[in-house]
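An overview of the molecular structure
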Amino acid sequence: MAIATINPATGKTIRTFEPFSTARVTESLDRAVTAYRAHRRTAFSERAQRMRKAAAILDAECRELGRLMTLEMGKPIGAAIAEAEKCATACRYYADKAERFLAGEPVKMEGGKSWVVFQPIGVVLAIMPWNFPFWQVFRFAAPAIMAGNAGILKHASNVPQCALAIEDVFRRAGFADGLFQTLLIGPDLVEGIVADKRIAAVTLTGSEGAGRSVAAAAGNL
């Protein structure tokens, strides 16, 4: 499948992208693991500071990002700008709430003390659709990163510039190199990435067929 920006209003191809090679995917996963190992040890306050910076970038650039959504998938510009602003709200929400949400929970027991502790799990692969090209990503990425995880994004192939812009937002917000990455790949490489031991979890929003395919790949591990 071609990875390209095609203006849905005109059918004109605006920009094309060379899909990542298997070697480049491997390098990206290695970087994600390295970034995760450092990030998981950071304080919530440090993560929150960077997540609020991401929110500030989204707010400041909501019009430019909105125009990018409109160009790639045809969302009306007002709705596209509002989507970028909604993503900023989500970033601030998890920056403010994550530490409380993930606080240890005591469990009653006789003869001792016990509690539930919530810890990061690793690199999370997100397979996301085109219809909300920013929101679908941020609603996974903001809480996952605040929880101490890393993110790998396989976005829909018709919104590659949106996918790269999201990676850029997290990079400019100050998160470690490799902590959130976009992979420009087709569906043929997804099963192998799901099976990769460097991937701790997969989240998907999409069709029933895509869900069955990912679930089958994960179930074979």
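Here the structure is shown first, and the text comes after it.
Residues numbered from 1 in each chain as written. Predicted model: local features only at pLDDT ≥ 70, side-chain atom pairs only at ≥ 80, totals over all residues. Heavy atoms only, no water.

On a plain count of helices and strands, the chain comes out with eight helices and eight strands. Taken along its principal axes, the extent of the C-alpha atoms in the chain is 70 × 40 × 30 Å. In the chain, which comprises 221 residues, the share counted as buried stands at 45%. Of all intrachain contacts in the chain linking residues separated by at least 6 positions in sequence, the fraction that spans at least 24 positions is 77%. A total of about 11,300 Å² of accessible surface is found on the chain, and carbon and sulfur atoms cover 54% of it. Looking at charge distribution, the chain has the averaged site of its 27 positive side-chain charges lying 3 Å from that of its 21 negative ones. (Helix = DSSP H or I, 4+ residues; strand = E, 2+ residues; numbered from the N terminus. Buried < 20%, exposed > 50% of the residue type's maximum accessible area, 1.4 Å probe, protein only. Contact = heavy atoms within 4.5 Å. Areas by Shrake-Rupley, 256 points an atom, 1.4 Å probe, with all protein chains shown as cover. Lys, Arg positive; Asp, Glu negative; His and termini not counted. Charge placed at Lys NZ, Arg CZ, Asp CG, Glu CD.)

Once that is clear, we can look at the packing of helix 3 (residues 62-73) against helix 4 (residues 77-101). Between helix 3 and helix 4, the least distance of the axes is 8 Å, while the angle of their chain directions is 125°. Classed by the angle they form, the pair helix 3 and helix 4 counts as oblique. Note that helix 3 runs across helix 4; the crossing there is right-handed. Of the residues in helix 4, those touching helix 3 at Cys 62, Arg 63, Leu 65, Gly 66, Arg 67, Met 69 and Thr 70 are Ile 77, Ala 80, Ile 81, Glu 83, Ala 84 and Glu 85. For the contact of helix 3 with helix 4, the residue count by class is seven nonpolar, two polar and four charged. (Axes fitted to C-alpha atoms, helices over the stretch in contact; angles between N-to-C directions. Parallel < 35°, antiparallel > 145°, perpendicular 65-115°, else oblique. Left-handed = near helix turned anticlockwise from the far one by under 90°. Nonpolar A, V, L, I, M, F, W, Y, C, P; charged D, E, K, R; others polar.)

Taken as a whole, the largest pocket spans an internal volume of roughly 340 Å³. As for the largest pocket, its lining consists of 20 residues, and the residues nearest its centre are Ile 127, Lys 154, Pro 187, Val 190 and Ala 210. Sorting the residues of the lining of the largest pocket by element identifies helix 7 (190-195) and helix 8 (208-219) as the ones contributing at least two each. Per-element accounting of the lining of the largest pocket gives the leading share, four residues, to helix 8. Its residues assigned to classes, the lining of the largest pocket shows twelve nonpolar, six polar and two charged. (1 Å grid on protein atoms, 1.4 Å probe; cavity = no way out; pocket = protein on both sides within 12 Å on 5 of 7 lines; lining within 4 Å. Points joined across faces, edges and corners; volume = space filled by probe spheres on them.)

The next point concerns the packing of aromatic side chains. Applying the stated criterion to the full structure yields seven aromatic pairs. Both rings, one in Phe 170 and one in Phe 180, keep their centres 4.9 Å apart while their planes meet at 40°; by these two values the pair is tilted. Separated by ten residues along the polypeptide, Phe 170 in helix 6 (residues 160-172) and Phe 180 in strand 7 (residues 180-182) bring together distant segments of the chain. The same class applies to Phe 170 as to Phe 180, namely buried. Clustering of aromatic rings is evident, with ring pairs tying together Phe 134, Phe 138, Phe 140, Phe 170, Phe 175 and Phe 180. Directly above the aromatic system of Phe 44 lies the positively charged group of Arg 47, at a separation of 4.8 Å from the ring centroid. Lying across the ring of Phe 132, Lys 75 places its NZ or CZ 4.1 Å from the centre. (Phe/Tyr/Trp six-rings, centres within 6.5 Å; stacked < 30°, edge-to-face > 60°. Lys NZ or Arg CZ within 6 Å of the ring centre and 35° of its normal.)

Okay, empty space enclosed by the protein next. This structure, assessed with the given rule, holds one cavity of 30 Å³ or more. Taken as a whole, the largest cavity spans an internal volume of roughly 40 Å³. Around the largest cavity, the lining residues are Ile 3, His 155, Ala 156, Ser 157, Pro 160, Leu 183, Leu 184 and Ile 185. Its residues placed into classes, the lining of the largest cavity shows six nonpolar, two polar and no charged.

When the charged atoms of two side chains with opposite charge come close together, those side chains can pair. For the structure shown, the criterion picks out twelve salt bridges. Between Arg 52 and Asp 96 there is a salt bridge, and its shortest N-O distance comes to 2.8 Å. Taken as a pair, Arg 52 in helix 2 (residues 44-60) and Asp 96 in helix 4 lie far apart in primary sequence, 44 residues in all. Glu 83 is the salt-bridge partner of Lys 75, the closest N and O atoms lying 3.2 Å from each other. Judged by relative accessible area, which is 5%, Glu 83 ranks as buried. Connected via shared salt-bridge partners are Glu 61, Asp 168, Arg 171 and Arg 172. (Salt bridge = Lys/Arg side-chain N within 4 Å of Asp/Glu carboxyl O.)

As far as function goes, none of this settles anything; it's purely spatial.
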